[in-house]
Amino acid sequence: MALTVGEILNMEEFREYRVLCGKKGLGREVSTVTVMDTPNIQDWLRGGEIVLSSGFLLQQLSQDERQQLITQLADSEACALFVKLGTYMQTLDEETVRAANETGLPIVSAPAGCILSDIISPIIKKLIDMQSSALRLSENISTSFINTVINDGGITDVVNTIATLLNQNIAFYDLAFNKIYPSKNASLRDGFKESFLSYPHLRVSLEDKDYGFIVIIDDGRQELSDYETMILTHASTALKLIAQKYISNMEIETRYRDGFVQDIVLNNIKSLQEVVKRGKIYGWDLSEKFYTAVIVDIDDFKIQYLNIRSKEDSETIEKHNDDIFDYSLKFFRRFFKTVLYTKFTDSTAFIIKHDKPDEATAQKILSCCNTLKGELHAAYNFTVTIGISEPKGSIMDCHIAYQEAQKAVKISRLVYKRDNTATYSALGIYKFLDGIKDNPSVQEFYKGYIEKICRHDELHNTDFMETLVNIVQNGWNLKLASDTMFLHYNTIKYRYKKIEEISGLNLDRTEEKLSMELAVKIYLMTHI
């Protein structure tokens, strides 16, 4: 697309012009023409100029000054020096010729009878004609890409069009969906996603948001030519339009899908036929088999919102929420064929479809959730509490499953604070206590056992209540409690005796131990 010095000299108007030296620079690209009428001409150059001289200024300079001038012109990226010999200067000295050859700056001898306009006019006309052609070509290419979008063409269509125009193998790496679209007949090496930046490429972005990269699969270079840049730039516009359309469609589908799954878990749909019919839209067969609800709830999410100080903080938290959801969904899909899902502010509800409601399936789901919990912490430095329902035999009972998973999260967080996986079936007595803990009689009951210990801790800055909680949670096993609290066994034994002394109980007696354990469990559910 660019006009070079060599191409200008091949024009009819320049058939009598001769290259005196600097022939290796005939491929330099020409942007304009200027006249040299001052010794510091390099200060007036921007690069790409053919510099014209009558020879008068060159004749006034010493040999060393002429050599320095040639070097300065080359350093300023002038593309050639056209000089008229015979009037002021008869020939070029050897040092000037050597400097031109070394720097690759062509020095061209103009005919004796030429005037400046004989050189300037045809070059400027040629540059304008080429720019006009380039604009027409650019407009045609832009139109072809836009028509592809208008005619409902996709990313593959755009990629194949680029490949045809450039006669190159092309690929588009879609960051939004983490997918690669190669052109027809293009083959990608293993590890392309990790190495594509080593190929010539153009970033496709809008308002600082990256949609992907258009990549020319060429091992021999990394830079794009001007022609390639022009085509890829127009293609990127089309790809951004298509990407925005895909993302918009996906967001619409997400809203409808979320609404559908939320209708299921909130029991807003009363007809199995309607659920099955709507499920088919998303590729879900909800007519049979068993379902287990799983809630992944981010710990301390609301606290983080209260600590927001800027828009960037809010965006960061939202991104973490989205990332945790995406990671969790991909994780469950690795182990289960059908996974329904919907997002809430600080949690995600999944409904996992499975063949049998047996112990093996329950253990598989529990194991997956424990693994996911650890991976999320490692990947994002966030902890989550995960609640798992009991299996249900119909999609119409999933609102009950959702409530069970919610209760598992709630009670787990009350008892274990955070970073825990709880199954509804293993909540045991906590399911019962959750329903009665706010009863005045129950409140009076547990305070009768707990208040003395809590008051002693406040007055004497001791940790007997924390110790008691750990002992109860470890099944009254003092050795396990000492390991959990990282204290010596004798320390725990001493504290155990002090707890008996403060409470006035003999915890070796079954009834008193049972009462204290119930009091501690109610305490945990009302105070943590």
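Treat the numbers as computed from the prediction; the structure is a model and nothing was measured. (Residues numbered from 1 in each chain as written. Predicted model: local features only at pLDDT ≥ 70, side-chain atom pairs only at ≥ 80, totals over all residues. Heavy atoms only, no water.)

**Q** How should I be thinking about the sheet that holds strand β14 (residues 347-354) in this particular structure?
**A** Judged by pairing direction, the sheet is mixed, and its five strands sit side by side in the order β13-β14-β12-β15-β16 without closing on themselves. Sheet topology places β13 (339-343) and β16 (421-423) at the edges, where each strand pairs with a single neighbour. Put simply, the sheet's adjacent strands are angled 15° from each other on average, direction ignored. Of the strands in this sheet, β12 (290-298), β14, β15 (384-388) and β16 touch helix α13 (residues 398-416), which is tilted by about 35° from β12. (Pairing = 2+ DSSP bridges. Helix = DSSP H or I, 4+ residues; strand = E, 2+ residues; numbered from the N terminus. Axes fitted to C-alpha atoms, helices over the stretch in contact; angles between N-to-C directions. Contact = heavy atoms within 4.5 Å.)

**Q** What's the story with helix α3 (residues 63-75) in this structure? I'm lost.
**A** Within an α-helix, residues lying three or four positions from one another point in the same direction, as the helix has 3.6 residues per turn. In this model, α3 (13 residues) spans 19 Å end to end at C-alpha, consistent with the 18 Å of a helix rising 1.5 Å per residue. For α3, every residue scored as buried is listed here: Arg 66, Leu 69, Ile 70, Leu 73 and Ala 74. Relative to the axis of α3, the buried residues are bounded by an arc of 135° and lie together on one face. Along α3, the residues that are exposed and aim more than 90 degrees away from the buried face are Asp 64 and Asp 75. Turning to α3, the residues buried within the fold contact β5 (49-53), α2 (56-60), β6 (80-84), α4 (94-103) and β7 (107-110). Positive backbone phi, approximately 65°, marks Glu 77, located one or two places after α3. (Expected span 1.5 Å × (residues − 1). Buried < 20%, exposed > 50% of the residue type's maximum accessible area, 1.4 Å probe, protein only. Arc of directions from axis to C-beta.)

**Q** Explanation requested: α4 in the structure shown.
**A** Within α4, burial applies to Thr 96, Ala 99 and Ala 100. With its buried residues spanning 100° around the axis, α4 presents them on a single face. Every exposed residue of α4 that faces more than 90 degrees away from the buried side is listed here: Glu 94 and Glu 102. You can read the cap of α4 off the contacts: a side-chain oxygen lies 3.1 Å from the backbone nitrogen of Glu 95, and it is on Asp 93. Of the residues flanking the end of α4, it is Gly 104, one or two places downstream, whose phi is positive at about 75°. (Polar contact = N/O pair within 3.5 Å; in protein donor to acceptor, adjacent residues only side chain to side chain.)

**Q** Explanation requested: the nonpolar core in the structure shown.
**A** It is characteristic of soluble globular proteins that their nonpolar side chains tend to be buried jointly. Judged by nonpolar contacts, the single largest core of 44 residues is most densely connected at Ile 264, Val 294, Phe 332 and Ile 395. Breaking this core down by element, the ones donating at least two residues are α8 (226-265), β12, α11 (311-335), β13, β14, α12 (359-380), β15 and α13. Broken down by element, the residue count for this core peaks at six residues, all from β12. Residues contacting Ile 395, with those up to four places away along its chain left out, are Ile 264, Leu 272, Val 275, Leu 286, Tyr 291, Leu 340 and Ile 351. If you look at the next biggest cluster of nonpolar residues, it comprises 36 residues, including Tyr 446, Val 469, Met 516 and Met 525. (Core = buried A, V, L, I, M, F, W, Y, C linked by side-chain atoms within 4.5 Å.)

**Q** I tried to follow the packing of helix α6 (residues 155-166) against α8 on my own but got confused; where do I start?
**A** For any two helices packed against each other, one specifies the crossing angle of their axes together with the interaxial distance. Viewed as axis vectors pointing N to C, α6 and α8 meet at an angle of 175°, and their least axial separation amounts to 10 Å. The orientation of α6 with respect to α8, classified from their angle, is roughly antiparallel. Contact residues: Ile 155, Val 158, Ile 162, Leu 165 and Leu 166 in α6; Tyr 227, Glu 228, Ile 231, Leu 232, Ala 235, Ala 238, Leu 239, Ile 242 and Tyr 246 in α8. Residues belonging to the contact of α6 with α8 are distributed by class as follows: 13 nonpolar, no polar and one charged. (Parallel < 35°, antiparallel > 145°, perpendicular 65-115°, else oblique. Nonpolar A, V, L, I, M, F, W, Y, C, P; charged D, E, K, R; others polar.)

**Q** How should I be thinking about the pattern of salt bridges in this particular structure?
**A** Think of it this way: side chains of opposite charge can pair up when their charged atoms draw near. What the rule picks out here adds up to 21 salt bridges. Residue Asp 258 pairs with Arg 257 through a salt bridge whose shortest N-O separation is 2.8 Å. Residue Arg 257 is classed as buried on the basis of its relative accessible area of 6%. As a salt-bridge pair, Lys 521 and Glu 517 come within 3.7 Å of each other at their nearest N and O atoms. On the criterion of helical spacing, the pair formed by Lys 521 and Glu 517 is a turn pair, its members being four residues apart in helix α19 (residues 510-527). Looking at Lys 521, the relative accessible area reads 12%, which means it is buried. Taken together, the shared-partner salt bridges connect Asp 263, Glu 274 and Arg 278 into one network. (Salt bridge = Lys/Arg side-chain N within 4 Å of Asp/Glu carboxyl O.)

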